[in-house]
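Spelled out from the first residue to the last, the chains are:
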Amino acid sequence: ARWDDPLAPDDLAVIAAGLGSDVPFFLGGWVAQALGRGERLLPQPHLGPTHAVVIVPPIHVPTGKAYGWTVPQMRPPGTLLAQYQEPTRSQETLVNDFQAPVVQRYPDVEAVMNMLESHEATFSALSGSGSAVFGLFPTPADAVRVSELIRQSKTGASCRIWAGPIGEALTDIG
């Protein structure tokens, strides 16, 4: 493909899936539930105004090994939005099957997640197989404030941190 003759979205998705099962997710600007290995996407309604802080600790989690550590749980598709809209229940019902085995093996990933929770993220979780974690916040000011506080902490000082609205480009702040 050339710049003046871009690939069709379906062709681009096939190439992206060849790079990694979850890569097609990042081609869209939508909310989706990932099924299978992450290659099948079920579009979900937008969550409304939500702002994220994404933190990447300087830790490599080998994806192949992470798959070996998990025990996938079958969940009915299409239930994520309803679960997310109940913040008091979402931490228990929205589950990343990689999270428990990864934080068990990498305490520094758990420490970063705990920081998001201590700064009152409405939801926090491991992203994919890690090591990135994210927290959701109701306002842009909350997301930026928390990202700056974490960046200044001993644990956060060596991490890459972004803050911004869901569904738009995140702002790299350090």
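Residues numbered from 1 in each chain as written. Predicted model: local features only at pLDDT ≥ 70, side-chain atom pairs only at ≥ 80, totals over all residues. Heavy atoms only, no water.

Student: Is there a simple way to think about the environment of Ala132 in this case?
Tutor: Looking at where Ala132 falls in the secondary structure, it is placed in the loop between β4 (123–126) and β5 (133–137). Beyond its immediate stretch of four places on either side in the chain, Ala132 contacts Val54, Ile55, Val56, Pro57, Leu126 and Ser127. (Helix = DSSP H or I, 4+ residues; strand = E, 2+ residues; numbered from the N terminus. Contact = heavy atoms within 4.5 Å.)

Student: Looking at this structure, how should I read the nonpolar core?
Tutor: It is characteristic of soluble globular proteins that their nonpolar side chains tend to be buried jointly. In terms of nonpolar packing, the biggest core is built from 23 residues, with Val53, Ile55, Leu116 and Val133 touching the most fellow members. Of all the secondary-structure elements, those providing two or more residues to this core are β3 (51–56), α5 (99–105), α6 (107–118), β5, α7 (140–152) and β6 (160–165). When residues no more than four places from it in sequence are discounted, the contact partners of Val53 are Leu116, Val133, Phe134, Gly135, Phe137, Ala143, Ser147, Ile161, Trp162 and Ala163. (Core = buried A, V, L, I, M, F, W, Y, C linked by side-chain atoms within 4.5 Å. Buried < 20%, exposed > 50% of the residue type's maximum accessible area, 1.4 Å probe, protein only.)

Student: Just to check I follow, could you spell out the pairing of β5 for this structure?
Tutor: Most of β5 sits inside the fold, with four of its five residues counted as buried. Of the pairings in the sheet, the one linking β3 to β5 comprises five bridges and is antiparallel in character. Among the inter-strand pairings, Val53 is bridged to a residue of β5, identified as Gly135. Direction of pairing for β4 relative to β5: antiparallel, over a ladder of four bridges. Residue pairing across strands places Ser124 opposite Gly135, the latter belonging to β5. In this antiparallel pair of consecutive strands, β4 and β5, the connection spans six residues, and Gly128 shows a positive phi of 60°. (Pairing = 2+ DSSP bridges.)

Student: How do you make sense of the packing of aromatic side chains when you look at a structure like this?
Tutor: A ring pair, where both rings are aromatic, is described by two values, the distance of the centres and the angle of the planes. Applying the stated criterion to the full structure yields three aromatic pairs. Summarising the aromatic geometry, the rings of Tyr67 and Phe98 are spaced 4.8 Å apart at their centres and angled 85° between planes, so their arrangement reads as edge-to-face. Residue Tyr67 is located in helix α2 (residues 63–69), and its partner Phe98 is located in the loop between α4 (87–93) and α5; the two are separated by 31 residues in the primary sequence. Relative accessible area serves as the criterion here: at 13%, Phe98 is assigned to the buried category. Both rings, one in Phe123 and one in Phe134, keep their centres 6.0 Å apart while their planes meet at 45°; by these two values the pair is tilted. Of this pair, Phe123 sits in strand β4 while Phe134 sits in strand β5, and the two are eleven residues apart along the sequence. We classify Phe123 as buried; its relative accessible area is 6%. (Phe/Tyr/Trp six-rings, centres within 6.5 Å; stacked < 30°, edge-to-face > 60°.)

Student: I keep staring at the environment of Val133 and nothing clicks. Help me out?
Tutor: Among the structural elements, Val133 can be located in strand β5. Residue Val133 is classed as buried on the basis of its relative accessible area, which comes to 0%. The sequence separation of Val133 and Glu110 amounts to 23 residues, and the corresponding C-alpha distance is 9.0 Å. Sequence-distant contacts of Val133, defined by excluding residues within four places in its chain, comprise Val53, Val54, Ile55, Val109, Val112, Met113, Leu116, Ala125, Leu126 and Ser127.

Student: Help me understand a nonpolar patch on the surface in this model?
Tutor: Taken together, the side chains of Leu7, Leu12, Ile15 and Leu19 define a hydrophobic patch exposed on the protein surface, amounting to about 380 Å² of accessible area. Looking at the element boundaries, Leu12 is found in helix α1 (residues 9–19). (Patch = residues over 30% accessible without salt bridge, like charges linked within 9 Å, V, L, I, M, F, W, Y side chains within 5 Å. Areas by Shrake-Rupley, 256 points an atom, 1.4 Å probe, with all protein chains shown as cover. Salt bridge = Lys/Arg side-chain N within 4 Å of Asp/Glu carboxyl O.)

That is the geometry; function is a separate question.
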